[in-house]
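Residues per chain are reported as follows:
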Amino acid sequence: MSEEILTTQDLHLYYGEKEALKGINLNFTDKGITALIGPSGCGKSTYLRTLNRMNDLIPNVTITGTIKFKGQNLYAPSADTVQIRKEIGMVFQQPNPFPFSIYDNVIYGLRIAGEKDKEKLDAVVEKSLRQAAVWDEVKDHLHESALALSGGQQQRVCIARVLAVSPEIILLDEPTSALDPVSSSQIEATLLNLRHDYTIIIVTHNLQQASRIADRTAFFMNGELIEVDQTKNIFMNPAQKQTEDYISGRFG
Amino acid sequence: MNSKTQNKIAIGTLYGVAGLVVLILLALLGYILVSGLPQLSWHFLTAPAKAFLKGGGVGVQLYNSFYLLILAMLISFPIALGAAIYLYEYARDNWVTTTIRTAIEILSSLPSVVVGLFGFLFFVVKLRLGFSILSGAFALTFFNLPLLTRSIEDSLRTIDLSQREGGLALGLSRWETITRVILPAAVPSILTGVILSAGRVFGEAAALIYTAGQSAPALDFTDWNPFNISSPLNPMRPAETLAVHIWKINSEGIMPDAKAISSGSSAVLVLAILLFNFAARYLGKRLYKRLTSA
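Quantities reported herein were computed from a predicted structural model and do not represent experimental measurements.

Chemist: Explanation requested: the overall build of chain A in the structure shown.
Modeler: When helices and strands are tallied, chain A shows ten helices and ten strands. Relative to a compact globule of 252 residues, whose C-alpha radius of gyration would be 18 Å, chain A shows 18 Å and is just as compact. With 252 residues in all, chain A has 54% of them scored as buried. A separation threshold of at least 6 residues defines the contact pool for chain A, and within that pool the share at least 24 residues apart is 67%.

Given below as structure tokens:
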């Protein structure tokens, strides 16, 4: 068992008065893919967004409990959200490339961080796009707008953009739900390539997707973590009745 | 009456109303251009005005209009940009921002002659700036600020929330996200807003009559020292603009060809504003294309 890189203890989240997460305890080991599944509104996306403090943008959110990344509390007053998000990157449901060239999209984080060395930037662009498995498709028009790409290519450019700032953890919030099946399977292949080098946490509505790519799977319902285990066990031999009902399509 | 006839009557009425608006606009434009275009010549566009004799031009007024426009934009754009960024990106919805928004709305509905009189009392008299380009530019800033702020705020609103999330999720600070992701993406639409408001400022007369003044001393276009009174760059000289010139010769013009000058000036003004509008569309579209698609 490798060491635990991210731990959540007794995490509660309230939208105003409404409790959306009811005491989540969930830990992630270094490297590999963990899928978060569950019916709509179960809190899985909300939970994912607490992990790099993206919920900070929403007014009236209260969070209690602790999330520790390598032993450091992400919600400590001294925590630096900018630094946190460099180490814990995020890919969203809708591909959201910036309206600039593919090249500029990928190096945006680095360039703003002050990196000017052209050779180094070129190298990072190629490496990130290769890792995101989109290099061959875009290498001849790196300086054209990223918005001209297909949805699937845009999403992989967004993954490359996150990889370029070399995070340790990558959060993905239903990254394929806006994409066609072919693009989705390309994204899945991309993630499988990355699982040895990064800790990947993915929210998905697609149970087959979870079973295909995830090492571990966590099942959420009504703001609670019902069960987390090896993906194989969750799908073949779940410990909880609710999990079994959900997996077998009896609700949700 | 069945719903089909009702529908026909409603559509007919709407077409009629829309047609009427277009007709009025075309008639006005047509009248101004037909009576004004024949007066235009290189001499008319460049020569200084004459007070009593015929054959004067509007060169100085035309130059003043542009100079004043540029100064007013230089002052109002940074303020409007800052205010819009604050209001849209940072401020939370509470009574402070509600008050600011209401104030901006009231300011934007202020009659421009009131802005002019305020400018006269405050800048011209109290601050002793005199009838000057600077007083005019400040007055125009008051006049322009609310609309420009609104239009920039609207431009920021068109940029999707996902772009902001994308920036933040890369480990950019909020300020970096705004300046490096949001603003570049909003540039085309901000530019359109700026040019359109420039058109409004260019045609403004009432706010300038009591601030930039109604006289246009001859300028020496070889003297670019801003401290000389006849220098085109001097911001402390009185400067009648084209729009004020039209107002003035129609109310008290005593040159024999006042009517012709007024018509010509009006045509120049309308053409300039049309040009601003077309430029806004063209540049906005081109920039958007360049920034977004291959």
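Continuing now.
Chemist: Quick question: what am I supposed to make of the overall build of chain B here?
Modeler: Counting its regular elements, chain B contains eleven helices and zero strands. The N-to-C order of helical and strand elements in chain B reads α-α-α-α-α-α-α-α-α-α-α. Seen through its principal axes, chain B has C-alpha atoms that stretch 70 × 65 × 45 Å. Every one of the 294 residues in chain B was classed for burial, and the buried ones make up 42%. The long-range share in chain B, meaning contacts at least 24 apart out of those at least 6 apart in sequence, stands at 75%. As displayed, chain B has an accessible area near 15,600 Å², and 70% of this comes from carbon and sulfur atoms.

Chemist: Honestly, the interface of chain A and chain B in this entry has me stumped. Any pointers?
Modeler: It is common to give the size of an interface as the accessible area that goes away when the parts come together. If you look at the interface, chain A gives 26 residues, while chain B gives 21 residues. Together chain A and chain B conceal approximately 2,100 Å² of surface at their shared face, both sides included; 66% is due to carbon and sulfur atoms. Looking only at chain A, the three residues that lose the most surface to chain B are A:Phe98, A:Pro99 and A:Ile112, adding up to 26% of its buried area. For the pair chain A and chain B, the interface holds one salt bridge. Here A:Arg49 makes a salt bridge to B:Glu165, at a shortest N to O gap of 2.6 Å. Considering only residue class, the side of chain A that touches chain B consists of 17 nonpolar, four polar and five charged.

Chemist: I'm lost on the sheet that holds strand E8 (residues 199-203) of chain A in this one. Help?
Modeler: Two modes of strand pairing occur in sheets, parallel and antiparallel, and in both the strands are linked by backbone hydrogen bonds. Residues and elements named next belong to chain A. In space, the six strands of this open sheet follow the order E6-E7-E8-E3-E9-E10, with mixed pairing throughout. The open sheet has two edge strands, strand E6 (88-91) and strand E10 (224-230), and neither has a second partner. When the angles between neighbouring strand axes are averaged without regard to direction, this sheet yields 20°. Looking at chain direction, E6 and strand E7 (residues 169-173) are connected through four bridges and run parallel. Its bridge partner lying in E7, Gly89 is registered against Ile170. Packed onto the sheet, helix H7 (residues 181-194) meets strand E3 (32-37), E7 and E8 and runs at close to 150° relative to E8.

Chemist: Teacher, can you tell me more about the domain arrangement of chain B here?
Modeler: Residues and elements named next belong to chain B. As assigned here, chain B comprises domain 1 (1-39) and domain 2 (42-292). For domain 1 versus domain 2, the distance between C-alpha centres works out to 31 Å. Counting residues at the interface gives eight residues for domain 1, matched by ten residues for domain 2. Here domain 1 packs against domain 2, burying approximately 640 Å² in sum over the two surfaces, 79% of which is carbon and sulfur.

Chemist: Sorry if this is basic, but what is going on with the pairing of E10(A) here?
Modeler: Consecutive side chains of a regular strand alternate in pointing toward one face of the sheet and then the other. Residue and element names in this part refer to chain A. Pairing between strand E9 (residues 216-221) and E10: six bridges, direction antiparallel. Paired with Arg216 across the bridge in E10 is Gln230. A loop of two residues connects E9 with E10, the two strands running antiparallel in sequence, and Asn222 in this loop sits at a positive phi of about 50°.

Chemist: I tried to follow the packing of aromatic side chains on my own but got confused; where do I start?
Modeler: The geometry of an aromatic ring pair comes down to the distance between the two centres and the angle between the two planes. Within the structure shown, the criterion is met by 19 aromatic pairs over all chains. On the numbers, 5.2 Å between centres and 90° between planes, the contact of B:Tyr63 with B:Phe221 is edge-to-face. Highlighted residues: B:Tyr63 in helix H3 (residues 59-90) and B:Phe221 in the loop between helix H9 (206-209) and helix H10 (242-252), separated in sequence by 158 residues. Judged by its relative accessible area of 38%, B:Phe221 falls in the partly exposed class. Look at B:Phe66 and B:Phe202: their rings are 4.9 Å apart centre to centre, the planes differ by 55°, and that puts the pair in the tilted class. Here B:Phe66, found in helix H3, pairs with B:Phe202, found in helix H8 (residues 174-202); they are 136 residues apart in sequence, far enough to count as distant. The exposure class of B:Phe66 is partly exposed, given its relative accessible area of 35%. For B:Phe202, a relative accessible area of 2% corresponds to the buried category. Looking at A:Arg161, its charged tip hangs above the ring of A:Phe98, at a distance of 4.2 Å from the centre.

Chemist: Explain helix H4 (residues 118-131) of chain A to me, please; I cannot follow it from the model alone.
Modeler: At 3.6 residues per turn, the α-helix brings residues three or four places apart onto the same side. All names here are of chain A. With 14 residues, H4 extends 20 Å from end C-alpha to end C-alpha; this agrees with the ideal 20 Å at 1.5 Å per step. Within the sequence span of H4, burial applies to Leu121, Val124, Val125, Ser128, Leu129 and Gln131. Burial along H4 is one-sided: seen end-on, the buried residues are contained in an arc of 155°. Of the exposed residues in H4, the ones pointing more than 90 degrees away from its buried face are Glu119 and Lys127.

Chemist: Looking at this model, I keep getting lost on the nonpolar core. Mind explaining?
Modeler: Side chains of nonpolar character tend, in soluble globular proteins, to be buried together. Among the nonpolar cores identified, the biggest contains 109 residues, and A:Ile102, A:Leu129, A:Leu142, A:Ile159, A:Leu172 and A:Leu191 are the most heavily contacted of them. No other element matches H3(B), which puts 13 residues into this core. Apart from residues lying up to four places away in sequence, A:Leu142 is in contact with A:Ser101, A:Ile102, A:Tyr103, A:Val125, A:Leu129 and A:Trp135. Judged by nonpolar contacts, the second largest core, of 30 residues, contains A:Tyr47, A:Met90, A:Phe92 and B:Ala169.

Thresholds applied
Residues numbered from 1 in each chain as written. Chains lettered and ligands numbered in written order. Predicted model: local features only at pLDDT ≥ 70, side-chain atom pairs only at ≥ 80, totals over all residues. Heavy atoms only, no water. Helix = DSSP H or I, 4+ residues; strand = E, 2+ residues; numbered from the N terminus. Rg over C-alpha atoms; globule rule 2.2 N^0.38 Å. Buried < 20%, exposed > 50% of the residue type's maximum accessible area, 1.4 Å probe, protein only. Contact = heavy atoms within 4.5 Å. Areas by Shrake-Rupley, 256 points an atom, 1.4 Å probe, with all protein chains shown as cover. Buried area = accessible area lost by both parts, 1.4 Å probe. Salt bridge = Lys/Arg side-chain N within 4 Å of Asp/Glu carboxyl O. Nonpolar A, V, L, I, M, F, W, Y, C, P; charged D, E, K, R; others polar. Pairing = 2+ DSSP bridges. Axes fitted to C-alpha atoms, helices over the stretch in contact; angles between N-to-C directions. Domains from an automatic or database assignment. Phe/Tyr/Trp six-rings, centres within 6.5 Å; stacked < 30°, edge-to-face > 60°. Lys NZ or Arg CZ within 6 Å of the ring centre and 35° of its normal. Expected span 1.5 Å × (residues − 1). Arc of directions from axis to C-beta. Core = buried A, V, L, I, M, F, W, Y, C linked by side-chain atoms within 4.5 Å.

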